[in-house]
Amino acid sequence: MKKLLVVAIALALILSAAACATAPQAPVDQTTEKPTTEQPATQPQDDPVRVAITAVGYGMTDEEFAAAKANPPTDNYVLAKMLVNEWVEKINPNIDVSFQNWGWAEPLDQKQRASILSGVPPDIVHGEVFMPVYAMQDILEPLPQDIVDKVHPNFLINDAQGRPVAVSPSGAIFLLFYNRGLLRELGLPEDPVINTWEDWKNLSDQITEKGGGNIWGGGIPTFPHMGGALRVAPFIRQMGLDFGSGSTPTLNTPEWKELLTYIREMNKNIPPGIGNNPDEGPHWNLWTSDQKIVFAVDGFWRIREAAVNDVDAGTMNLPLPSGGSYANCLVGFNYHGVTRASQNKEAAFDVIRAILNPESQLIIAQNVGRVVALRSILEDPATYEQLPLLQAGLDAFLSYDIQGLPVWDKNDAQVWELINTRVLARATITNDPVDVILSEAQAEIERLLR
Amino acid sequence: MSTQNVVMSRVHKKGRFLTERDRRDNRLALLNIVPIFIWYLLFNAVPIGIGVYLAFSEWNALTAAPRFIGLRNFENFFRSPDYIRPLFRQLYIGGMAVATNFVLSFFLGLMLNVPIMMKGFFRVCDYMPSVTAVSTTTAVFVALLMPFDGGLNSMLQSFGMSPVIWTHSTYWMIFWIVMYTVWRSMGPSAILWLSGLQSIDPQLYEAARVDGASKLQEVIHVTIPGLRFTAAFIVLTGIIGMMQMFDAVMFISAGGPVGTTDVIAFRIFRDGARSFNLGMAGASSVIVGVITLVFSVIFLNLWLNKNEKEAA
């Protein structure tokens, strides 16, 4: 009896350990004559071969799609997603696409890298800040010309050979948002004219002084993560410079000194500890729901947030430094690319074509607060007629070649962490001399890139 | 050789003079051990081996295979302030947490040993923090520490004091990290102290009272010596925990302000899971593992006397 009990326990332990492992799904090989698991053993001649595609990205999972069919969504963002699934069926009825939600940011990057390493990656991968790294590592297949031709170049990222390998269905750039209601309350013009950094600083200082600790002018946030770098990027680019790229940082320059000094001075117009908090949430709550900050640098989606929270908002392009010219930074992009290891590349590109379908694109453009990739929608003046707040940013988006954040040759994430914490956040948390901050960071980044 | 010595040597030879029952018992014992051994091999030994291999490689988990680079990662570790400083911070922030926990949990254990009504309820309350999710409880801490309209600052302002920008102060961030760690660790440590206290022979206390010892003298001469082994266990597990502490840092301070509370365990996490600099993550893990082992061995050798070492 004792022996049987011990054997039973041992078997249970082994089986439960084995049950924790999952076998990778074998890719469907459509070139072979052998039937797949989706097909019957004998295939009638006139039935086309069905292809299974695994797509991590913008579309509904099987469960979501079934639920949406039963109860059609009223939320525009969800409706746009549902249309992607429907368009897959329209473009290529022989595709069985499984959209999967692997999260966002780091968890998504980890899972995708693990799947790439396993040798059985999904057919389509997606993401934002790490997709340029994937592109440079040559793991994405170049996009077909018809996709490249029908989208605006700002929505594409290229590989090391300059070939477009991933496309985002939508995105944004930064605008300067302001709260007209608070300006009215303080007896100031509710649609101020702000052309230069100096104009902005003067008005923001005035608001903070009049606000008496209850209303703040606002400045350039320096969150100690990518949210900080993204918002600072347009301002340094206005001066004709950038963070650097590849193996060359360009921090130790007079332009960066001027910008950091400006950021430090403007930080006095944000409640202490908010503009450089690791959590962005309190800053946005203070602009949106609490309505205590007048000016905010944010992407187009803030238009929708303002509407939802009854903020009487205005927008304008970011002010320029003396002698500066217009510049911005891409943000909120969701790049999708087909992996080189995909066994069904053409079918995967059909799924990307479905992601870029005109119905979803129009809904996103008019309701979600993003600019969209399809030129036929983006460049049609009627698309954004109902969104006057977007107009200033839209004109700039169409007129300029705008890039995302630069990619470093090695230790990309570590370099950005250094910039976010020991340059940007340090400038507003400490009173360390700006040239010391910049020179130390420059030396440290050069060492990391060696 | 005498007959007795021959018999004794035969008894000690493997498989000789073992009855069928002995062999059956041995097989049963092996059957018990094999599953956990397989589990340990798959989920501990193999990952440790891979980590050690990666320590000598350069790899970002996108290229086909790691590239062997010898000792470059270790060289980088000892030359870069980005690794040496976090290592020292791990030791002193962790050390403060271990020392504070050691003292506070001891007094808590003494209090839990007092026979009062609902002592079971109080013991459960003390243990609860250790079973809660770190992400949830640190979110509460962070909400309290919000510089604008946070709970603590609102309370300070209600007393007419100025709010404190906790996230801008290295001192305060270390303080809250240590406080949080102690708050979570105190319960289990107090339970260990409690079990140690209850294992001390009551006759020793009677003998001390007969000899005219005061309560304080009982604690010094009976209680504390009787708790040496418990104390060793608490400190040893504290050292191991201290060298792995990163979740409190990640959620409360994120290594800030400006990296001044960044600890090596958080650095390893970021290298591995965010930067995909797996070689440096592996090398740093090897170094931290060796340091932990050395500390543990030194501590045990210093703390325990010969008899206790043998018992351990």
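Above this text you will find the structure in question.
The structure presented is a predicted model; accordingly, all values stated were derived computationally and were not measured.

Analysis parameters
- Residues numbered from 1 in each chain as written.
- Chains lettered and ligands numbered in written order.
- Predicted model: local features only at pLDDT ≥ 70, side-chain atom pairs only at ≥ 80, totals over all residues.
- Heavy atoms only, no water.
- Helix = DSSP H or I, 4+ residues; strand = E, 2+ residues; numbered from the N terminus.
- Rg over C-alpha atoms; globule rule 2.2 N^0.38 Å.
- Contact = heavy atoms within 4.5 Å.
- Areas by Shrake-Rupley, 256 points an atom, 1.4 Å probe, with all protein chains shown as cover.
- Lys, Arg positive; Asp, Glu negative; His and termini not counted.
- Charge placed at Lys NZ, Arg CZ, Asp CG, Glu CD.
- Salt bridge = Lys/Arg side-chain N within 4 Å of Asp/Glu carboxyl O.
- Buried < 20%, exposed > 50% of the residue type's maximum accessible area, 1.4 Å probe, protein only.
- Phe/Tyr/Trp six-rings, centres within 6.5 Å; stacked < 30°, edge-to-face > 60°.
- Lys NZ or Arg CZ within 6 Å of the ring centre and 35° of its normal.
- Expected span 1.5 Å × (residues − 1).
- Arc of directions from axis to C-beta.

1. What to know about the overall build of chain B
The number of helices and strands found in chain B is 15 helices and two strands. The C-alpha radius of gyration of chain B comes to 26 Å, more than 25% above the 20 Å expected for a compact globule of 312 residues. Each of the three principal axes of chain B carries a C-alpha extent, and together these read 85 × 70 × 30 Å. Looking at chain B alone, contacts between residues at least 24 apart form 65% of all its contacts between residues at least 6 apart. In the form shown here, chain B has an accessible surface area of approximately 17700 Å², with 69% of it arising from carbon and sulfur atoms. Placing the 24 positive and 17 negative side-chain charges of chain B at their respective mean positions leaves the two points 8 Å apart.

2. Considering the pattern of salt bridges
Under the counting rule described, the total for this entry stands at 36 salt bridges over all chains. Between Glu106(A) and Arg274(B) there is a salt bridge whose closest N-O contact spans 3.1 Å. Of the two residues, Glu106(A) sits in helix H4 (residues 105-118) while Arg274(B) sits in helix H13 (residues 264-274), which places them in two different chains. Relative accessible area serves as the criterion here: at 29%, Arg274(B) is assigned to the partly exposed category. With a closest N to O distance of 3.9 Å, Asp138(A) and Arg163(A) form a salt bridge. In this pair, Asp138(A) is assigned in the loop between helix H5 (131-136) and helix H6 (145-150) and Arg163(A) in the loop between strand E4 (156-158) and strand E5 (164-167), connecting sequence segments 25 residues apart. Among the ionic contacts, a cluster of salt bridges with common partners joins Asp138(A), Glu141(A), Asp159(A), Arg163(A) and Arg340(A).

3. Focus on the packing of aromatic side chains
Throughout the structure, instances matching the rule amount to 38 aromatic pairs over all chains. Between Trp166(B) and Trp172(B) the ring centres are 5.0 Å apart and the planes differ by 85°, which places this aromatic pair in the edge-to-face class. You can call Trp172(B) partly exposed: its relative accessible area is 27%. For the ring pair Trp166(B) and Trp176(B), a centre distance of 5.7 Å and an interplane angle of 80° mean the geometry is edge-to-face. In this pair, Trp166(B) is assigned in the loop between helix H7 (151-158) and helix H8 (170-198) and Trp176(B) in helix H8, connecting sequence segments ten residues apart. When its relative accessible area of 5% is taken as the criterion, Trp166(B) is described as buried. According to the relative accessible area criterion, Trp176(B) is buried, its value standing at 15%. Through successive ring pairs, a cluster of aromatic residues spans Phe141(B), Trp166(B), Tyr171(B), Trp172(B), Phe175(B), Trp176(B), Tyr180(B) and Trp183(B). The ring of Phe276(B) has Arg113(A) lying over it, and the distance from NZ or CZ to the ring centre is 3.8 Å. Arg270(B) extends its terminal NZ or CZ atom over the ring of Phe266(B), reaching a point 4.6 Å from the ring centre.

4. Digging into the side chain of His152(A)
Residues and elements named next belong to chain A. Structurally, the position occupied by histidine 152 is in the loop between H6 and E4. Accessibility expressed as a relative area gives 7% for histidine 152, which makes it buried. Leaving out residues up to four positions away in the same chain, histidine 152 has contacts with Ala373, Arg375, Leu378, Glu379, Phe397 and Leu398.

5. So, H4(A)
Residues and elements named next belong to chain A. In this model H4 runs 20 Å from its N-terminal to its C-terminal C-alpha over 14 residues, within 8% of the 20 Å that 1.5 Å per residue would give. For H4, the full list of buried residues reads Leu108, Asp109, Gln112, Arg113, Ser115 and Ile116. Down the axis of H4, the smallest arc covering the buried residues is 160°, so these residues share one side. Where H4 terminates, the next one or two residues include glycine 119, which has phi positive at roughly 90°.

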